[in-house]
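Now for the letters of each chain:
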Protein chains: 6
Amino acid sequence: MTAKTRIWTPIDFDADGKQVDFMRVPHSTDLSAYGWIPIPMACIRNGDGPTALLVAGNHGDEYEGQVALTNLIRGLNSQDIRGRVIVLPALNFPAVAAGRRVSPLDDANLNRSFPGRAHGTPTEMIAHYVSDVLLPMSDIVVDLHSGGRSLDYIASALVRPGRDVNEHRSLVRLMQIFGAPISFVSDGTGGGGSTTLAAAAQDRGVLAITTELGGGATLSKRGLSLAESGIRRLLDEMGILQGAHVEPPCATRFMTVRGHDAFVYARNVGVFEPAAEVGEVVNEGQLAGWIHFPDVPMHEPERLDFRSSGLVACRRVPSLTQRGDCLFKIMTDLAIV
Amino acid sequence: MTAKTRIWTPIDFDADGKQVDFMRVPHSTDLSAYGWIPIPMACIRNGDGPTALLVAGNHGDEYEGQVALTNLIRGLNSQDIRGRVIVLPALNFPAVAAGRRVSPLDDANLNRSFPGRAHGTPTEMIAHYVSDVLLPMSDIVVDLHSGGRSLDYIASALVRPGRDVNEHRSLVRLMQIFGAPISFVSDGTGGGGSTTLAAAAQDRGVLAITTELGGGATLSKRGLSLAESGIRRLLDEMGILQGAHVEPPCATRFMTVRGHDAFVYARNVGVFEPAAEVGEVVNEGQLAGWIHFPDVPMHEPERLDFRSSGLVACRRVPSLTQRGDCLFKIMTDLAIV
Amino acid sequence: MTAKTRIWTPIDFDADGKQVDFMRVPHSTDLSAYGWIPIPMACIRNGDGPTALLVAGNHGDEYEGQVALTNLIRGLNSQDIRGRVIVLPALNFPAVAAGRRVSPLDDANLNRSFPGRAHGTPTEMIAHYVSDVLLPMSDIVVDLHSGGRSLDYIASALVRPGRDVNEHRSLVRLMQIFGAPISFVSDGTGGGGSTTLAAAAQDRGVLAITTELGGGATLSKRGLSLAESGIRRLLDEMGILQGAHVEPPCATRFMTVRGHDAFVYARNVGVFEPAAEVGEVVNEGQLAGWIHFPDVPMHEPERLDFRSSGLVACRRVPSLTQRGDCLFKIMTDLAIV
Amino acid sequence: MTAKTRIWTPIDFDADGKQVDFMRVPHSTDLSAYGWIPIPMACIRNGDGPTALLVAGNHGDEYEGQVALTNLIRGLNSQDIRGRVIVLPALNFPAVAAGRRVSPLDDANLNRSFPGRAHGTPTEMIAHYVSDVLLPMSDIVVDLHSGGRSLDYIASALVRPGRDVNEHRSLVRLMQIFGAPISFVSDGTGGGGSTTLAAAAQDRGVLAITTELGGGATLSKRGLSLAESGIRRLLDEMGILQGAHVEPPCATRFMTVRGHDAFVYARNVGVFEPAAEVGEVVNEGQLAGWIHFPDVPMHEPERLDFRSSGLVACRRVPSLTQRGDCLFKIMTDLAIV
Amino acid sequence: MTAKTRIWTPIDFDADGKQVDFMRVPHSTDLSAYGWIPIPMACIRNGDGPTALLVAGNHGDEYEGQVALTNLIRGLNSQDIRGRVIVLPALNFPAVAAGRRVSPLDDANLNRSFPGRAHGTPTEMIAHYVSDVLLPMSDIVVDLHSGGRSLDYIASALVRPGRDVNEHRSLVRLMQIFGAPISFVSDGTGGGGSTTLAAAAQDRGVLAITTELGGGATLSKRGLSLAESGIRRLLDEMGILQGAHVEPPCATRFMTVRGHDAFVYARNVGVFEPAAEVGEVVNEGQLAGWIHFPDVPMHEPERLDFRSSGLVACRRVPSLTQRGDCLFKIMTDLAIV
Amino acid sequence: MTAKTRIWTPIDFDADGKQVDFMRVPHSTDLSAYGWIPIPMACIRNGDGPTALLVAGNHGDEYEGQVALTNLIRGLNSQDIRGRVIVLPALNFPAVAAGRRVSPLDDANLNRSFPGRAHGTPTEMIAHYVSDVLLPMSDIVVDLHSGGRSLDYIASALVRPGRDVNEHRSLVRLMQIFGAPISFVSDGTGGGGSTTLAAAAQDRGVLAITTELGGGATLSKRGLSLAESGIRRLLDEMGILQGAHVEPPCATRFMTVRGHDAFVYARNVGVFEPAAEVGEVVNEGQLAGWIHFPDVPMHEPERLDFRSSGLVACRRVPSLTQRGDCLFKIMTDLAIV
């Protein structure tokens, strides 16, 4: 982590005004010995004040955040703010350009690659630049995710548990301000754990909020609308947005995910027929779905049941399913946030 | 077309009872010099009578038909019927196994490959077997499609215009019996034209009905339910299903697609934000959506308008879009069927 | 050849004015069920008169023609002409987009695919559309080639022998007008033979001239300049260009290629060191180059000699060489054109 | 079939002496616009007399024939013979260079591609050249096969049934002369049928004998020895080999393969454990082997039985097995040849 | 090494009885954001006692061990034993499913990846789980290898030299009990060295024995039989197997491999003809085989000689050979074990 | 860095005479369990004296050095020298064999991989062997580069700034002796920085000089000639070459590259038309070239200007260009070396 980044940009983070260029990630290939990967980045600044780092395209097949931040870059001017907004609408650009969760250059999942390596693969270099250059400049980071090609997700926000009471209260307040229907607190067990952007932010003392806004590699208009209003509310809360009219948030419901029994996994290769939808309330032992076998049609389909009760947070989108694929994740209400 | 098929099966199409085995498509590879591709097939027969050929998995990423026919093979017994039902729940099996529209063996779209070739690629051999062996045995063929990975489709049925008044009336009646909310008459212009299974059936004097039941490479429970009830109604109508309770069809709405202006196509590479949903009524000149450019966020998004009025029949699912991709197709009511 | 093309375009070839859109080649894929390949095409028309068909990007890695025709589309207006100019700056667009000689969709070489097939692969469909739709409208076709990634070529023009004296004279005159330093007459032996665009044109009674303007997958400014002036001269000669100042052609030298001995081929895998340059005069038996073996450095390099005398028309660019690769082609003067 | 081959060679088939060069198959690629595929070929001639065409590498992963013919080219001189021997030790050279059954250029199986196409893919062009140029010069063709990567084969020879009594007797005699332990008569049902080199030879009135000499993509010394002695005996029998000492053949056993029940096929994906070896005598109903499922170890392995009695002609080599793979083929004695 | 594994399993290693489930290796892909790789694992326990860890599928193309352990999981019940047996019949499951030595997910050789990384690639995560979770629970580990696709191996067992006299005696005794015809002592020089499962076991004080049971990606019935009986003997020796009849081992011969001269390597690309078989005794300077060149048949084949005397331990299976491929390995008797 | 290399060679670096064999890089694959990658290497020694390490093929698509060093190995004998010359004409051999900048085995750029890892990927293992075994034996290393497939380069030499005055003078003198038209001093900013062979050499106190000799994946005869004479001069300067006639160097011009403004980068995907050539003097603000858009021909081409004045050191070769590709690099004279 002590090595210096090889990424560079003509953007001057200390200059006032709106600059839009690229994080330039050196990538020496057969067809471009001295070339770089162009990661779009905007810096909008108006004097001293807090810095918000806004990120989408951490996974390349999640679109609400990409569109919300692309619109924000065009729509937001330096005179509208106080302080600084750094916007990255397509952070893992090779994955975004390919429409994939992972980068086609190194098959790496950026949100499992933090804090990254200065001399690593392209994905590792991006993670390192965010960790080593951008996070130290920031007071808050918003990382806009959706379910991607494989999952359909209920609109929600997510934070890690604060390391002390004050940090925790600040994080919970961010979710209230963002105003998703559902808000989670999770330490990332079962997901990225300590290798996410949010974990890297917390390690550096930066408040981090993550979202899930839709899924299926398609665009949810409701998710897009939530992303756009939620970001405005967060910028207003930070004192960055100046004098703008910002609609108030809806009430959010605080929930959590409890252990491996919250998940339903496929145990066979086949065609998944779900028996519940995202947002539905289900009970332990209730039918979750079937795996069908068109290749050997006389085989009985395999029945799958829910292993705990709660609200369906996400569901697998593609019907064709392998052993080990996650089919459902269940949430339960959180008594005390 | 005069060459004899190289495909074989142990199934005896003239024997009574239920037989389930495979169309065995010879495929000589590095790892299997004498091997065959196993295309699941069932023949259920009870004495003389009409023959219905039921097909799904013509495209490998369309699932409602695959599940409906897999269930039908297990559930239907020869004593339930009179005549014969031949069921192919995964016709282009290499594409089904890969979860793809086209076959990974020859990159071919089966529904653009009819009437096929006896000594061609695997996809061409399958088309030839259906055309040359199965269709001549059949009185009716039902080809169960959905939108696949790239399209979300309104539930509908589709026939080609009859070559004479009687054939036309028979085809229209099939759609009424099937009972989809929407029914089309189309000669396949803009789609597969004369290279589809339905066209091959018509050339051989077999009544053919095609369906669209959902899309996005996921499973629609409503589409599955329609497939299952519609097939029972068709088998009942043909006199094949014996003494079963069959629910009556809902009324269908007859519509058509008029020329290239019924379509909205992307003119740029970017992220598609739709402004209308499947089933919505739209007007010529109305906003259809935007193409956003997260790679160069200061570029204004490109606005796309509908070029004709009507009902949205299908919409593109994946947000990432290339020039030439179909974003919407519009239908209008048919005055006279 | 009797099947009707599935390619369509909104361009009205009978309308006056400048229209720029696409040949739309239907291509149904996993990610785009109803999509088309966008082949850029312009039609510029001003009343009745002759039609010139101008083509580049037949091979995707040849650039002088692509740039010349792209500039022409922007620069030429209908009032500048009489008759019609149809311009295709990137004919095998999938190959152009990939920077490859052959199409990545079907690995096909378009200039070995004429007259094509209406229901074939994308490359075959393009060849068929040109043969069946565009050539019948045309009086002349200019097909702008260069050496591509593997060859560096002397600037030259090329026609097939006329089928009668008048046609031959017309073709020779086209080369004089075009004004390349070198002009060939060749029936395509050793190259594409009867499967080229020029051969398809001749079969349909359309005068066809082909060029070679550089090579190495890079852009020659001299080749670009020749393409631009040569096309203006040809349009002027056809009576299409109206009242424009057109610079006169330089004198051309008529040459030919005689049999297999005009070629030097590699007989081993290794690193090619050439001993002559494009445009140099060489003699039979003279050293042509060496094949070196860095993998087994004690092996003596293999010496290659020219097998006939003449002018070096082209030379291999990539040093890494396989058995059977063409290293040089030699031309000799033509006594009587 | 009336189009002329595009393949050429500097070899003069009418010249006496030994010439070794290549069938030169034009193949225009990104890296070699004017290149050709180098298929090694020798022509050894000494005056008038019969012509034997000797072929190996029809499938690229079968080695006994490749080595036998490579040795023959070096060892045989024109003064040793009367007439002509044309030797192709690596006929589908792209497949040979890749160590694969099928060509990596077009994924085609050469021995399913006869009689080929003059303007087809590389594999089709090779088949066409053999059919159209080499077979018309030949009196006999010997096509040396083995089991390849997927099969281990008993040493055997194979002919198609003669079209009349004289032809049949001539073919049976060829097998007696070749002297494999086993000799078959088969019309290729279940294999290549009318698309093999042997079928193309028969259509052109050329006597054709095929062999199987080992398998598993490895070299059998016994198979190699049989190939070398058998070819010498055949050349001696044809009157081509002059005054050489040729060892007499061993007695051969005439057998045949009867219908689909001669084969055992896998019905599941798993690990194949054979219960019989090549050359073993088995009975209908006897255990043939097991398919094991290490991915789900509590699943009982699937037992497979022989479906007819006889001698094991070949057995699958790779343990990992897909549904439809051939595991065993059984032969029975032929009462009357 | 201090990071905690991300792999989990529902198996409770402290519970009595037989549990069969999976090592669940998190693997987040385009098609499965929250999915895991299912590595089959069984834990069979009956009270306190020693623990044996039994592994196959470390390389995916080695089958005797996979079948032996799959059978063992079904056949062994907790009441048959005292203590605990942990069985992994397909340890590098992605490689097993692909029938490959290395994993298709990261191209990594598991037996060159120990002790692994908690946050590494899938292969590194598997190695880390074995090193960090399973080995600390174990008293003995048996790692069942064969030659794989590229090598045919004499049936043998292998241990690393003990780090002290007692450990060495224990390891030698394990080989005597296992009862392979040949037993080696080797520190892995020339192979995996310190990166193997056996080395990781030794570092953690666990006795480790490795086997070679066949090769060529096919199944040896003798190798399978040896695996099954040898494991029973080892479990009996450990006091784990209770009251079972176990056949006594055959005598083993102790041998070793001495330096680089024990190996014969290819020095050219060509077709390998071996002159000796596995198990044969050869002398230094004796002919080992030939490399043939069917692509240039007039080139003399290259002769290869043995560089030391001894017994042939393994031989290359595929005929097609590259420079640097191992063709033979020679063993010599060990005077003192 | 403390782990020991797994690479071995039969070459004895302490023996007098000429030895030519391979760095043998263990690489265990599906097809070669015990194989190694054969990296050609020569050691020529005559008694005590300095050691020169001569390297080419660090990038596989750069040819002048490969040919120069291959010739040197054949031409240089031990009696011609005093001390030792170690020659590696194809250092990243997998990349050389593929004609690529990066290795096809791990997609790694060797000159971004120093000092490497003993247990890493093949490219990392090669870097480690050079750093850990060869550099400690060497007094000077010459690393012969060219522009590769993507760049055409002016003939030049390059050193890193010396860490003290003496080292700096020694390095500058090496460039004077080598005698390229242009000589640079650069710390690798914007290129490989601390991960190059030259940086690894400097860390170990070895004088390192790098060259650029041509480009475009083709061979420059002038670059080859410079490589051959320059190496002889360096060996003479080191006192290694004995009594040979060595031509004196031409005068070199000392230059440098100043910051990011020395580069022109593409900001769009399109066809690059350069407006300046390698070796030309240009001024800030002068036209550098155009990016054309044949896919949308009505789009104005994008004009690119030089951002600083100086001499064109290199230019992009392939016309097809992506955003971020380097099109030009500009040098300026160095007042004081």
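Residues numbered from 1 in each chain as written. Chains lettered and ligands numbered in written order. Predicted model: local features only at pLDDT ≥ 70, side-chain atom pairs only at ≥ 80, totals over all residues. Heavy atoms only, no water.

Q: Which parts of the structure should I look at to understand the arrangement of the chains?
A: Over all C-alpha pairs, chain A and chain C never come within contact, reaching a minimum spacing of 11 Å. Note that chain D does not reach chain F: the shortest distance linking a C-alpha of one to a C-alpha of the other is 11 Å. (Contact = heavy atoms within 4.5 Å.)

Q: Please explain the domain arrangement of chain A as it appears in this structure.
A: Accessible area lost upon the coming together of the parts is a frequently used measure of interface size. All names here are of chain A. Domain boundaries assigned for chain A yield domain 1 (17-256) and domain 2 (260-333). If you average the C-alpha positions of domain 1 and of domain 2, the two centres end up 30 Å apart. Each partner contributes residues to the interface: domain 1 has 13 residues there, and domain 2 has 16 residues. Buried area between domain 1 and domain 2, both sides added, is near 1,200 Å², and the carbon and sulfur share of it is 62%. Of all residues in domain 1, Asp152, Ile154 and Met255 bury the most surface against domain 2, accounting for 36% of the area lost on that side. Connecting domain 1 to domain 2 are one salt bridge. Measuring nitrogen to oxygen at the nearest pair gives 2.8 Å for the salt bridge that ties Arg253 to Asp333. On the surface where domain 1 and domain 2 come into contact, there are six residue pairs in polar contact (both at pLDDT 80 or more). At the level of elements, strand E6 (151-153), strand E8 (182-185) and strand E10 (253-256) are the ones that each hand at least two residues to the side of domain 1 that touches domain 2. By residue number, the principal contributor to the side of domain 1 that touches domain 2 is E10, which donates four residues. (Domains from an automatic or database assignment. Buried area = accessible area lost by both parts, 1.4 Å probe. Salt bridge = Lys/Arg side-chain N within 4 Å of Asp/Glu carboxyl O. Polar contact = N/O pair within 3.5 Å; in protein donor to acceptor, adjacent residues only side chain to side chain. Helix = DSSP H or I, 4+ residues; strand = E, 2+ residues; numbered from the N terminus.)

Q: What am I meant to see in the relation of the copies chain A and chain B here?
A: What relates the two chain copies is a rotation about an axis together with a slide along it. By a simple turn and slide, chain A fits onto chain B: the slide is 0.0 Å along the axis, the RMSD is 0.0 Å, and the turn is 180°. Within this description, the copies of the chain are treated as partners about a two-fold rotation axis. Among all C-alpha atoms of chain A, that of Gly216 of chain A lies closest to the rotation axis, at 4.0 Å. A high fraction, 100%, of the interface residues of chain A reappear at the interface in chain B, so the copies pair face to face through one surface. (Least-squares fit on C-alpha atoms with pLDDT ≥ 70 in both.)

Q: What should I look at first to understand the interface of chain A and chain B in this one?
A: Each partner contributes residues to the interface: chain A has 44 residues there, and chain B has 44 residues. The contact between chain A and chain B buries some 3,400 Å² in all, and 64% of this surface belongs to carbon and sulfur atoms. At the junction of chain A and chain B, the tally comes to four salt bridges. The partner of Glu300 of chain A in a salt bridge is Arg74 of chain B, with the nearest N and O atoms 3.5 Å apart. On inspection of chain A and its partner chain B, the count reaches 12 residue pairs in polar contact (both at pLDDT 80 or more).

Q: Honestly, the packing of aromatic side chains in this entry has me stumped. Any pointers?
A: Aromatic ring pairs: the centre-centre distance and the angle between the two ring planes describe each pair. Inspection of every chain in the model, using the stated rule, returns 54 aromatic pairs over all chains. Measuring from centroid to centroid gives 6.3 Å for Tyr153 of chain E and Tyr34 of chain F, while their planes differ by 85°, and the two rings are edge-to-face. Residue Tyr153 of chain E is located in strand E6 (residues 151-153), and its partner Tyr34 of chain F is located in the loop between strand E1 (17-26) and strand E2 (36-46); the two belong to separate chains. For the pair formed by Tyr153 of chain E and Tyr34 of chain F, the shared burial category is buried. By way of ring pairs, the aromatic residues Trp8, Phe22, Tyr34 and Trp36 of chain A together with Tyr153, Phe263 and Tyr265 of chain F are connected into one cluster. In this structure, Lys329 of chain C is placed above the aromatic ring of Phe184 of chain C, and the distance from its NZ or CZ to the ring centre is 5.4 Å. (Phe/Tyr/Trp six-rings, centres within 6.5 Å; stacked < 30°, edge-to-face > 60°. Buried < 20%, exposed > 50% of the residue type's maximum accessible area, 1.4 Å probe, protein only. Lys NZ or Arg CZ within 6 Å of the ring centre and 35° of its normal.)

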